[in-house]
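Each chain, letter by letter, is given below.
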Amino acid sequence: MSRGVGDAPTELAGKIVTPGDGRYQRVRSTYTTVGRPAVVVLPESARDIAAALRFARDRGFPVAVRSGGHGLAGTGTNDDGLVIDLRALNRVDVLDRRTRLVRVEAGARWAQVAQALAPHGLAISSGDHGNVGVGGIATGGGVGWLVRKYGLTIDHIRAVEVVLADGTIVRADAHNEPDLLWVMRGAGAGAGVAVAFEIEAMDLRDVGHAQLVTAVDPTGETLRRWADVMARAPRELSTEVRLASQNDGSTVAVITAVVASDSPSVIRKALEPLLKVGDVMGQQAHLVSYTDLVSPLHLHENTGQMPARTTNGLLTEMSAGAASALVKASAARDPILVQMRSLGGATHVPDSAATAFAHRHQNVLVIGAGFPPDARGTLRTGWAPLAPFMDGAYVNFESAPDETAFAHFYPGPTGARVADLWKRYDPEGVLRPWSRA
Ligand SMILES: Cc1cc2nc3c(=O)[nH]c(=O)nc-3n(C[C@H](O)[C@H](O)[C@H](O)COP(=O)(O)OP(=O)(O)OC[C@H]3O[C@@H](n4cnc5c(N)ncnc54)[C@H](O)[C@@H]3O)c2cc1C
């Protein structure tokens, strides 16, 4: 095996970028990580992806797969290997407006998807950021602004077109390769390269959007009241809470609420209980389009500009201990950024074995981030007191996925099935995004 890129397959002519190429700076890195790949392939079809995988095998290149490049572990690039960058595979097509079935290619960004579907009165609940890629979210989970109303992005996937590590092109749906469909919905990264997804979109145009800022008491009672409000809230309401420590040592919560309705009375009724969560210092509410939330203004090149470290865990109960630990972590001398997303509602509906995302009873996704100069150390210290409260984790908000993290992402029988299917579809672990026995 040699590491040269001469004699590349003819079908990849013009689609290969190497360090001497003027395009290299634009395609080498992801959002969190500056990469130094030997070659970046820009496929335009499933056959190109298969050719890229063959090329990597022939030359002995490790492979990285990239859709939007927003992965927090930086596994969408590498040093000295081959990156398959799917940006050219970004079509969004409405296959059947009546059944709301759409086909979305993996290299599209969610802002592009929202824009393409808006004229049809359709949307897909994805994430909170328009620059995130379809491929990463739709193979991992998808906790979006409308998560309590519509569940995860993967809950609406009906079929996936996949290129397996050996170059085989497969369509996985409920009848054909159902095991592959199962693993692609939550643990897809280790099973194959998703080229496109068929997704049942939602009838959705405008939604209610509100922001509230409230003081947080040091014991965390405010967070317990928020969790209590969310436990009783209609599914239409999803919220995200960011804790911010102030110069005087106090903490405030910035609560972003989205109500999946365009009815002012439904929106008002859903939001009202949030006003009692704490001492509200400011609030505003508007009707916005879904494309305003997952906005084209988010689109940008990825150049390794965000060298933060991130981890996460899922809370079933906002106990007094958990609430006070969360406030302490965000108010420490060297604080971590703590963000919480409400779960429940539609996320609790599927059986935990229905997809490779098994976490169907937890109520809050807690995300912690540490920033330079010592992002890793800050996160380690800041997260340690929170870890004992967590009941599982979500693969897509983890900067350091490893064997231990795998057990949190894919607990018990789900983990055993994921490991088996990763071995079945990719026996040599060519696509496995992190090393695992
Ligand atoms: C600013 C920001 C906001 C975010 N907001 C949300 C949010 O609201 N909700 C949420 O759920 N997540 C969110 N995330 C996390 C996001 O789900 C993950 O980072 C996701 O992996 C990004 O997808 P990507 O395609 O952009 O990533 P990439 O960096 O392109 O890919 C990351 C990894 O995913 C796998 N992968 C990507 N594409 C494919 C494919 N086509 N086939 C198989 N495997 C693939 C590969 O292992 C790849 O290395 C956010 C991340 C950031 C940085």
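Being a predicted model, the structure only gives us computed values, none of them experimental.

Peer 1: I keep staring at the overall build of the protein and nothing clicks. Help me out?
Peer 2: A tally of regular secondary structure across the protein gives 13 helices and 18 strands. Computed over the C-alpha atoms, the radius of gyration of the protein is 21 Å, within 12% of the 22 Å expected from 2.2 N^0.38 for a compact globule of 437 residues. C-alpha extents for the protein along the principal axes are approximately 65 × 50 × 45 Å. Within the span of the protein, comprising 437 residues, buried residues form 57% of the whole. For the protein, the exposed area adds up to about 17800 Å²; of that, 52% sits on carbon and sulfur atoms. Distance between charge centroids for the protein: 1 Å, based on 44 positive and 45 negative side chains.

Peer 1: How do you make sense of the sheet that holds strand 3 (residues 63-66) when you look at a structure like this?
Peer 2: Two strands in a sheet stick together by hydrogen bonds in their backbones, pointing the same way (parallel) or opposite ways (antiparallel). Taken together, 4 strands build an open sheet; the order of strands is 1-2-4-3 and the sheet is mixed. In this open sheet, the two strands that pair with only one neighbour each are strand 1 (16-17) and strand 3. Direction of pairing for strand 2 (residues 39-41) relative to strand 4 (residues 82-85): parallel, over a ladder of 3 bridges. Directly across from Val-40, in strand 4, lies its bridge partner Val-83. Together, strand 1, strand 2, strand 3 and strand 4 form the strand contacts of helix 2 (residues 46-59), whose direction differs from that of strand 4 by roughly 175 degrees.

Peer 1: Quick question: what am I supposed to make of helix 11 (residues 375-383) here?
Peer 2: Residues three or four positions apart in an α-helix share a direction because the helix packs 3.6 residues into each turn. Within helix 11 the residues assigned to the buried category are Ala-375, Gly-377, Thr-378, Leu-379, Gly-382 and Trp-383. Tucked inside the fold, the buried residues of helix 11 contact strand 16 (309-315), helix 10 (320-331) and strand 18 (364-370).

Peer 1: Help me understand the packing of aromatic side chains, please; the structure alone is not making it clear to me.
Peer 2: Any pair of aromatic rings gets described here by the distance separating the centres and the angle formed by the planes. Applying the stated criterion to the full structure yields 7 aromatic pairs. Here the aromatic rings of Phe-409 and Tyr-410 are separated by 5.9 Å at their centres, their planes lie at 80 degrees, and the arrangement is edge-to-face. By relative accessible area, Tyr-410 is classed as buried at 5%. Taken together, the ring pairs connect Phe-406, Phe-409, Tyr-410 and Trp-422 into an aromatic cluster. The positively charged end of Arg-417 is found above the aromatic ring belonging to Trp-182, 4.0 Å away from the centroid.

Peer 1: Whenever I open this one, the pattern of salt bridges confuses me. Can you help?
Peer 2: Close approach of charged atoms allows side chains with opposite charge to pair. Under the counting rule described, the total for this entry stands at 26 salt bridges. In this structure, Asp-203 and Arg-97 form a salt bridge, with 2.7 Å as the shortest nitrogen-oxygen distance. Taken together, the positions of Asp-203 in strand 11 (residues 202-203) and Arg-97 in the loop between strand 5 (92-96) and strand 6 (101-105) put the pair 106 residues apart, joining distant regions of the chain. A salt bridge links Arg-232 to Asp-228, with the nearest nitrogen and oxygen atoms 3.5 Å apart. Of this pair, Arg-232 and Asp-228 both sit in helix 7 (residues 221-232), 4 residues apart, which is roughly one turn of the helix. Among the residues examined, Asp-228 registers a relative accessible area of 39% and is labelled partly exposed. A single network of salt bridges, built from pairs that share partners, joins Arg-26, Arg-66, Asp-85, Arg-87 and Glu-301.

Peer 1: Honestly, the site of the ligand in this entry has me stumped. Any pointers?
Peer 2: Taken together, 33 residues lie near the ligand, and Ser-67, Gly-69, Thr-75, Asp-128 and Tyr-394 sit nearest. Within the contact set of the ligand, an oxygen atom lies 2.6 Å away from a side-chain nitrogen or oxygen of Tyr-394. Counting only elements with at least two residues in the shell around the ligand, the list comes to strand 3, helix 4 (134-140) and strand 10 (193-200). Sort the elements by how many residues they give to the shell around the ligand and helix 4 lands first, with 4 residues. Looking at side-chain class alone, the shell around the ligand contains 14 nonpolar, 16 polar and 3 charged residues.

Each value, and the rule that gives it
Note that residues are indexed from 1 along each chain, following the sequence as it is written. Totals for whole chains, interfaces and linings use all residues, but because this is a predicted model, local features are given only for residues with pLDDT of at least 70 and pairs of side-chain atoms are given and counted only at 80 or more. To obtain the side-chain values, all non-hydrogen atoms of the structure were used and water was disregarded. We count a stretch as a helix when DSSP gives it H or I for four or more residues in a row; a strand needs E for two or more, and each element gets its number in order from the N terminus. With C-alpha atoms as the basis for the radius of gyration, the globule rule is written as 2.2 Å multiplied by the number of residues raised to the power 0.38. Partly exposed describes any residue whose relative accessible area lies between the buried limit of under 20% and the exposed limit of over 50%, with all areas from a 1.4 Å probe on protein chains only and scaled to the type maximum. The Shrake-Rupley method, run with a 1.4 Å probe sphere, supplies the accessible areas, and residue values consider only the shown protein chains as cover. When charges are counted, Lys and Arg contribute as positive and Asp and Glu as negative, whereas His and the chain ends are disregarded. Positions of charges follow a simple convention, taking NZ of Lys, CZ of Arg, CG of Asp or CD of Glu. Strand pairing requires that DSSP identify at least two bridges connecting the strands. Contacts are assigned to residue pairs that have any heavy atoms within 4.5 Å of one another. Working convention: axes come from line fits to C-alpha atoms, limited for helices to the stretch in contact. Angles between N-to-C directions cover 0 to 180 degrees. Stacked, edge-to-face and tilted labels apply to pairs of Phe, Tyr and Trp rings (six-membered ring for Trp) whose centres lie within 6.5 Å, assigned for plane angles under 30 degrees, over 60, and everything in between, in that order. Only when the NZ atom of a Lys or the CZ atom of an Arg is both within 6 Å of the ring centre and within 35 degrees of the ring normal do we say a charge sits over the ring. Any carboxyl oxygen of Asp or Glu within 4 Å of a side-chain nitrogen of Lys or Arg constitutes a salt bridge here. Throughout, near means a residue has at least one heavy atom within 4 Å of the molecule or strand. Polar contact is the term for a pair of N or O atoms within 3.5 Å; when the atoms are in protein, one must be able to donate a hydrogen and the other to accept it, and sequence-neighboring residues count only if both atoms are side-chain atoms. Classification convention: Asp, Glu, Lys, Arg as charged; Ala, Val, Leu, Ile, Met, Phe, Trp, Tyr, Cys, Pro as nonpolar; all other residues, Gly among them, as polar.

From the geometry alone we can't say anything about function, so treat these as descriptive.
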